[in-house]
Amino acid sequence: MTGIREEAAADFSIQQDWHEYTEEQHAIWRLLFERQQRLLVGRACGECLEGLDALGVEANGIPDFRRLSDVLDAATGWRIVAVPGLVPDDVFFTLLAGRQFPSTCFIRRRDQLDYLQEPDVFHDICGHVPLLMNPIFADYLQAYGEGGLKALKLGHLQRLARLYWYTVEFGLISTPEGLRIYGSGILSSAGESVYCLKDPRPHRIRFDLRRIMRTRYRIDDFQQTYFVIDDFQQLFDATRPDFAPIYREIAALADIEPDELAPGDRNYDPDGRRKKMGRKFAAAQV
Ligand SMILES: [Fe+2]
């Protein structure tokens, strides 16, 4: 038993107590890290892989947050704050708005390698932190924290939580090399890393802020719908305006189920251009 689940301070921060991790815990990290590294090359977006590399996160074992924070701080001004688990919404948003990322310290057990509903240190550090090395995404997450504090006051937290879910946790990005992953929930899941890109079952829809805010999600299985951004600038620009009028605008509209398609959806189609050209060619033959 390690001392990492000690009493939290009033702001929910705790000490990581890095020296208290056992050999077994570092070994689980190694297993998870090496497996994901093999899977993520060619599946994760370049920014994620570059961020991981620049942070110096390695297979050796669970990283020391103090060292990671120093690298992160020098790059984008973010730091990692150790927390015992999920923290209250106001604490979470206040931390993000202050460019502090709350990370859990504990690591899953060996029998939980493939699935864990709550975030652990592997999910938080390998899933979330690499993208915080990217200046645009780093600003996006800070703006999200500020938006969260406003949404709390306005009573629209559920709408905003969906934006976090479908971007920060389960986002996909279109790149010249093809569809890639940037969502941390996927980056830290071996099964979903493969499923989200190739499986024919889920919908892959072009990013649409209002559509996302109306879409429910499930936490107990792989996603049935993914939203695809063109780049991180699109994400930042789309979420820059004041959300208050948007919350009012969509308040009267029905929620959309996780597996449902809606009018106006634009499917991500990597072969779209080729097909369009093909149709044009076919029409010219008639
Ligand atoms: Fe997460």
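Residues numbered from 1 in each chain as written. Predicted model: local features only at pLDDT ≥ 70, side-chain atom pairs only at ≥ 80, totals over all residues. Heavy atoms only, no water.

1. Focus: the overall build of the chain
Scanning the chain from N- to C-terminus turns up 13 helices and 6 strands. Computed over the C-alpha atoms, the radius of gyration of the chain is 20 Å, within 12% of the 19 Å expected from 2.2 N^0.38 for a compact globule of 286 residues. Principal axes of the C-alpha set define a box for the chain whose edges measure 75 × 45 × 35 Å. When burial is assessed residue by residue, the chain has 52% of its 286 residues classed as buried. Across the chain, contacts joining residues at least 24 apart in sequence account for 66% of those joining residues at least 6 apart. A total of about 14,200 Å² of accessible surface is found on the chain, and carbon and sulfur atoms cover 51% of it. Positive and negative charge centroids in the chain, built from 35 and 43 side chains respectively, lie 8 Å apart. (Helix = DSSP H or I, 4+ residues; strand = E, 2+ residues; numbered from the N terminus. Rg over C-alpha atoms; globule rule 2.2 N^0.38 Å. Buried < 20%, exposed > 50% of the residue type's maximum accessible area, 1.4 Å probe, protein only. Contact = heavy atoms within 4.5 Å. Areas by Shrake-Rupley, 256 points an atom, 1.4 Å probe, with all protein chains shown as cover. Lys, Arg positive; Asp, Glu negative; His and termini not counted. Charge placed at Lys NZ, Arg CZ, Asp CG, Glu CD.)

2. Let's talk about the nonpolar core
With 82 residues, the main nonpolar core has W29 and Y182 as its most contacted residues. A total of 7 residues in this core trace back to one element, the largest contributor, which is helix α7 (residues 157–169). If we ignore the near neighbours within four places in the chain, the residues touching W29 are V57, E58, A59, G61, I62, P63, I107, V121, F122, I125 and C126. (Core = buried A, V, L, I, M, F, W, Y, C linked by side-chain atoms within 4.5 Å.)

3. A look at the environment of I14
Within the fold, I14 resides in the segment before α1 (23–40). Given a relative accessible area of 9%, I14 falls into the buried group. For the pair formed by I14 and F101, sequence separation is 87 residues and the distance between their alpha carbons is 13 Å.

4. So, α1
Compared with an ideal rise of 1.5 Å per residue, which puts 18 residues at 26 Å, α1 spans 25 Å between its outermost C-alpha atoms and is within 8% of the ideal. Of the positions making up α1, those classed as buried are Q25, H26, A27, I28, W29, L32, F33, Q36, L39 and L40. In the core, the buried residues of α1 are packed alongside α2 (46–55), α5 (121–128), β4 (178–181), α8 (184–187) and α9 (190–198). G42 sits one or two residues past α1 and shows a positive phi near 85 degrees. (Expected span 1.5 Å × (residues − 1).)

5. A short note on the sheet that holds strand β5 (residues 203–206)
Read across the sheet, 4 strands follow the order β4-β3-β6-β5 without closing on themselves; strand pairing throughout is mixed. Both edges of this open sheet fall to β4 and β5, since each of them pairs with a single strand only. On average, each strand axis in the sheet is tilted by 35 degrees relative to the strand beside it, whichever way the strands run. With 4 bridges joining them, β5 and strand β6 (residues 225–229) adopt parallel strand pairing. Within β6, the residue paired with I205 across the bridge is F227. (Pairing = 2+ DSSP bridges. Axes fitted to C-alpha atoms, helices over the stretch in contact; angles between N-to-C directions.)

6. Observations regarding the coordination of the iron ion
Only H123 (NE2), H128 (NE2) and E169 (OE) from the protein reach the iron ion as donors, at distances of 2.0 to 2.1 Å. Here the donor residues for the iron ion map to a single chain with the spacing H-x4-H-x40-E. Of this pair, H123 sits in helix α5 while E169 sits in helix α7, and the two are 46 residues apart along the sequence. (Donors = N, O, S within 2.8 Å, 3.2 Å for Na, K, Ca; no water.)

7. Things to note about the packing of helix α6 (residues 135–154) against α7
Where α6 meets α7, the axes come as close as 9 Å, and the angle between the chain directions of the two elements is 160 degrees. One way to sum up the angle between α6 and α7 is to call them roughly antiparallel. In this structure, α6 crosses over α7, and the sense of that crossing is left-handed. Only L157, L160, A161, L163, Y164, T167 and V168 of α7 make contact with α6, whose side of the interface consists of F137, Y140, L141, Y144, G147, G148, A151 and L152. Split by residue class, the contact of α6 with α7 holds 12 nonpolar, 3 polar and no charged. (Parallel < 35°, antiparallel > 145°, perpendicular 65-115°, else oblique. Left-handed = near helix turned anticlockwise from the far one by under 90°. Nonpolar A, V, L, I, M, F, W, Y, C, P; charged D, E, K, R; others polar.)

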